[in-house]
Amino acid sequence: MGRMTRRAFAVAALSTLAMGPAAPGRAQPRAQAGEMRGMWIATVANRDWPSAPGLTAARQRAELIALLDLAVRRRLNTVFLQVRPTADALWPSPYEPWSAWLTGTQGKNPGWDPLGTALKEAHARGLQLHAWFNPYRVANHTDPARLVPAHPARRHPDWVVPYGGKLYYNPGLPEVRAFVQDAILDAVKKYAVDAVHFDDYFYPYPVPGQTFDDDAAYDRHGGGFPSRGAWRRDNIDKLVRETAARIAQVRPGTRFGISPFGVWRNAATDPLGSDTRAGVQTYDDLYADTRKWVRGGWIDYLVPQLYWNIGFADADYAKLLPWWAETARGSRTRLYLGEALYKAGDPAQPAAWQDPAELSRHLTLAKKYPQARGHVFFSAREVAADPAGAMARVVADHYGQPAPPPA
């Protein structure tokens, strides 16, 4: 999910962090009904939670509840919990093994139900819980022998493509698409989650000098398409359409949202694109036609990852925001904005990110666009530690009162 730093995450900070009062004299805006105020909780590589693999069930549960309490203190109303980070599960799934990020051993029962607990405790605090699934990533390595023997990727080695030092399920295989949906829908059947959430990884981000080897699948299934790119986009389109339909069938009222990379296409590539010069375009590189999904109302909400500062030359937040607002205008798809809290105060980032007010300016600018109906912050570790004070500034400037989650 996005581009991540590796600052140390002190869980102890969760119990001592208190939301400070608003700055003296600063006018507090009235809370907007149904405004999205969210944070992602990443479990892959133990980024946000749990703080390390192999903790006791009691410690894992306590850390999770501390994050939910943190969300309440920051006057957020939604958490996006990553429950399928690497073709595994944070609930008892008949399709995939328990996640190694819990116990340190893939397939080992952690002794409790993280997703069920998170849902119950989130709702008890007035928070929505969006269950976050990564569709195609199998492992952060390329050795199938390191997966548990019963892993679907070992039972079906023809489903898997090594690329860029990782293993991926091949999106071009109909049987893979059906399996991924089955694994996800198992959670939706068992738990009344408020939404199903996908991140930005469809076909993997390009790795220079490497080729994603889907030749056999293309030969078998790519007939009738003008190009491999068109076939790949159709594969992802099918995943999105079919998942949306199955969610509606299994649990009507549960929403479906996606958080893609923030640039659909550059205007130099397509006149419909944004005034950007991004090195990655979701349409061309990840084969995700995100604009089509929004304009067609295929999904309930979109959270483009607008992980750049205002004025950034190649991808200016102030240019991408109106582009996405115009894209969403007239569509049933709600627009929320993904915010790069993890960049705030990072010395490796441009000078704008050294200013604690940068993110607050994003929210101020977004108020000019009625299509922009809230923000989601990446991610929980930085919401907790807030090294630059950027999150505290957002809360002081914009979250003076609690707001109900989007209906």
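Here, every reference points to the structure presented above.
Scope of this entry: the structure provided in the associated data block. Each chain carries its own residue numbering, running from 1 in the direction its sequence is written. With the structure being a predicted model, the display of local features is reserved for residues of pLDDT at least 70 and the display and counting of side-chain atom pairs for 80 or more, all residues being used for whole-chain, interface and lining totals. Neither water nor hydrogens contribute to the side-chain values; these are computed over all heavy atoms in the structure.

## A few points about the overall build of the protein
The line we're drawing: Runs of H or I in DSSP of at least four residues are treated as helices and runs of E of at least two as strands, each being numbered from the N terminus. All radius of gyration figures rest on C-alpha atoms, and the globule criterion is 2.2 Å times the number of residues raised to 0.38. The cut-offs for exposure are 20% and 50% of the maximum accessible area for each residue type, with area from a 1.4 Å probe on protein chains only; residues under the lower value are buried, those over the upper are exposed, and the others partly exposed. Contacts: residue pairs with any heavy atoms within 4.5 Å of one another. Where accessible areas are quoted, they stem from the Shrake-Rupley method and a 1.4 Å probe; at the residue level, only the protein chains shown are allowed to cover.
In terms of regular secondary structure, the protein is built from 14 helices and 11 strands. Compactness check: the protein gives a C-alpha radius of gyration of 20 Å against a globular reference of 22 Å for 407 residues, within 12% of the reference. Reported as C-alpha extents along the three principal axes, the dimensions of the protein are approximately 65 × 55 × 40 Å. For the protein, the residues scored as buried account for 58% of the 407 residues in total. Nonlocal contacts in the protein, meaning residues at least 24 apart in sequence, comprise 75% of its contacts between residues at least 6 apart. Just so you have it, the protein exposes about 15,100 Å², and 53% of that area is on carbon and sulfur atoms.

## Quick notes on the packing of helix α2 (residues 57-73) against helix α4 (residues 114-124)
Rules: Lines fitted to C-alpha atoms define the axes, with helix axes restricted to the stretch in contact, and inter-axis angles between N-to-C directions lie between 0 and 180 degrees. By definition, turning the near helix anticlockwise from the far helix through less than a right angle yields a left-handed crossing, and turning it clockwise yields a right-handed one. Here the nonpolar group is Ala, Val, Leu, Ile, Met, Phe, Trp, Tyr, Cys and Pro; Asp, Glu, Lys and Arg are the charged ones; every other residue, Gly included, is treated as polar.
Viewed as axis vectors pointing N to C, α2 and α4 meet at an angle of 35°, and their least axial separation amounts to 10 Å. In this structure, α2 meets α4 at a crossing whose hand is right-handed. Here α2 contributes R61, L64, I65 and L68 to the contact with α4, which in turn contributes P114, T117, A118, E121 and A122. Looking at the contact of α2 with α4 residue by residue, the classes come out as six nonpolar, one polar and two charged.

## Overview of the pattern of salt bridges
Rules: Any Lys or Arg side-chain nitrogen located within 4 Å of an Asp or Glu carboxyl oxygen qualifies as a salt bridge.
Scanning all chains against the criterion turns up 28 salt bridges. The partner of D289 in a salt bridge is K292, and the shortest N-O contact between them spans 4.0 Å. Shared partners join several salt bridges into a network, and the residues in it are R47, D48, R381 and E382.

## Here we look at the environment of D275
Rules: Definition of a polar contact: a pair of N or O atoms within 3.5 Å, with one able to donate and the other able to accept a hydrogen when the atoms are protein atoms, and with sequence-neighbouring residues admitted only if both atoms are side-chain atoms.
Tracing the backbone shows D275 in the loop between β8 (255-258) and α9 (282-286). On the accessibility criterion, D275 (48% relative accessible area) is partly exposed. C-alpha of D275 to C-alpha of A315: the two residues are 40 residues apart in sequence and 7.7 Å apart in space. Not counting the four nearest positions on each side in its chain, D275 is found in contact with A267 and K319. At 3.1 Å, the side chain of D275 forms a polar contact with the side chain of K319.

## Overview of α4
Residues P114, L115, T117, A118, L119, E121 and A122 constitute the buried set of α4. If you follow the buried residues of α4, they end up packed against α2, β2 (78-84), α3 (100-103), β3 (128-133) and α6 (174-190). Measuring from the side-chain oxygen of the N-cap residue of α4 to the backbone nitrogen of L115 gives 3.4 Å; that N-cap residue is D113.

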